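# Structural features, examined
One letter stands for each residue in the lines below.
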Amino acid sequence: MLGHERALWRGALGAMLARERDLVVVAEVGRGEEILDVALRERPDVVVLDIALPGTVEVDELCVTLCEGLPGAGILVLVDRRTCATIGVTLTRLAPRVGFLATDASPRQLVEGIRQLALGKPVMDVEIAVAALSAENNPLTTREREVLRKAVDGAPAREIAAELFLSTGTVRNYLSSAVSKIGGRNRIEAIRIAQDAGWV
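It should be emphasised that the depicted structure is a prediction, and the values quoted were computed from it without experimental measurement.

### Quick look at the side chain of Arg-143
- Residue placement: Arg-143 occurs in helix α7 (residues 142-151).
- Side-chain polar atoms of Arg-143 contact the side chain of Glu-146, separated by 2.2 Å.
- Excluding residues within four positions of it along the chain, Arg-143 makes contact with Leu-53, Pro-54, Gly-55, Thr-56, Val-57, Glu-58, Leu-166 and Tyr-174.

### Quick word on the pairing of strand β2 (residues 74-79)
- With 6 of 6 residues buried, β2 is to be regarded as a mostly interior element.
- Along β2, one buried face is formed by Gly-74, Leu-76 and Leu-78 and the opposite face, lined by Ile-75, Val-77 and Val-79, is buried too.
- Here strand β1 (residues 46-50) pairs with β2 via 5 bridges, running parallel. Paired with Val-48 across the bridge in β2 is Leu-76.
- Since β1 and β2 lie parallel, the crossover through helix α3 (residues 59-69) that links them has a hand, and here it is right-handed.
- The sheet contact formed by β2 and strand β3 (residues 98-102) spans 5 bridges and is parallel. Across the sheet, residue Ile-75 finds its bridge partner in β3, namely Val-98.

### Concerning the environment of Ser-180
- Locating Ser-180 in the fold gives a position in helix α9 (residues 168-182).
- Linking Ser-180 and Ala-190, residues 10 residues apart in sequence, is a C-alpha distance of 8.4 Å.

### Digging into the layout of surface pockets
- Its boundaries defined by the atoms lining it, the largest pocket holds a volume of some 770 Å³.
- Forming the walls of the largest pocket are 31 residues, and the residues nearest its centre are Val-25, Ala-27, Val-46, Val-47 and Val-48.
- Every element with two or more residues in the lining of the largest pocket is listed here: α1 (3-18), α2 (32-42), β1 and α5 (107-118).
- Tallying contributions element by element places α1 first for the lining of the largest pocket, with 6 residues.
- For the lining of the largest pocket, the residue count by class is 21 nonpolar, 1 polar and 9 charged.

### A few points about empty space enclosed by the protein
- In total, this model carries 2 cavities of 30 Å³ or more according to the counting rule given.
- Of the volumes computed, that of the second largest cavity is approximately 30 Å³.
- Lining the second largest cavity, in full, are Gly-32, Leu-49, Leu-53, Val-57, Val-59 and Leu-62.
- Residue classes in the lining of the second largest cavity are distributed as 5 nonpolar, 1 polar and no charged.

Calculation criteria
- Residues numbered from 1 in each chain as written.
- Predicted model: local features only at pLDDT ≥ 70, side-chain atom pairs only at ≥ 80, totals over all residues.
- Heavy atoms only, no water.
- Helix = DSSP H or I, 4+ residues; strand = E, 2+ residues; numbered from the N terminus.
- Polar contact = N/O pair within 3.5 Å; in protein donor to acceptor, adjacent residues only side chain to side chain.
- Contact = heavy atoms within 4.5 Å.
- Buried < 20%, exposed > 50% of the residue type's maximum accessible area, 1.4 Å probe, protein only.
- Pairing = 2+ DSSP bridges.
- Right-handed = clockwise from strand over helix to strand, strands pointing away.
- 1 Å grid on protein atoms, 1.4 Å probe; cavity = no way out; pocket = protein on both sides within 12 Å on 5 of 7 lines; lining within 4 Å.
- Points joined across faces, edges and corners; volume = space filled by probe spheres on them.
- Nonpolar A, V, L, I, M, F, W, Y, C, P; charged D, E, K, R; others polar.

Have a look at this one:
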């Protein structure tokens, strides 16, 4: 999703949740690095995260920090089914504090998932869990995976940077790091290897 599409989706999700009598939306945050401060200030029972949230912070690191800073809170991570194998073992090990649902889950599934996490119960989309646990050990960070996915269709670093709200230099660094970790001779070969392994 592009930045404005994410904002619209986030707003629609917040509006939907606010209509539930037993749920209160305390904040909507657009970038990963803003979440921790807001969460520690508002102390929500459940934090809902888009795994592709823009920003410089990695979702798995953010989840670990949130689990430590908000010991009574649950975290619901929304994952695109097409890339669910990339969430990695680190995140799945945080269950049941961290739950996973697909971005195409129905409104009712999202609401029930939030309620279940608030009660301390596990929330896990079976397809996402199986894909995550069966994927090879992914050497890429969340941000490297996201940048590499954007580069699949040949998008230039400048365009990727605009979509992810990063600098062009930062995107180039992520791409270079990803290619180095994967071991490809160039970006095209690295993308092919990563796709074959289910990393992007």
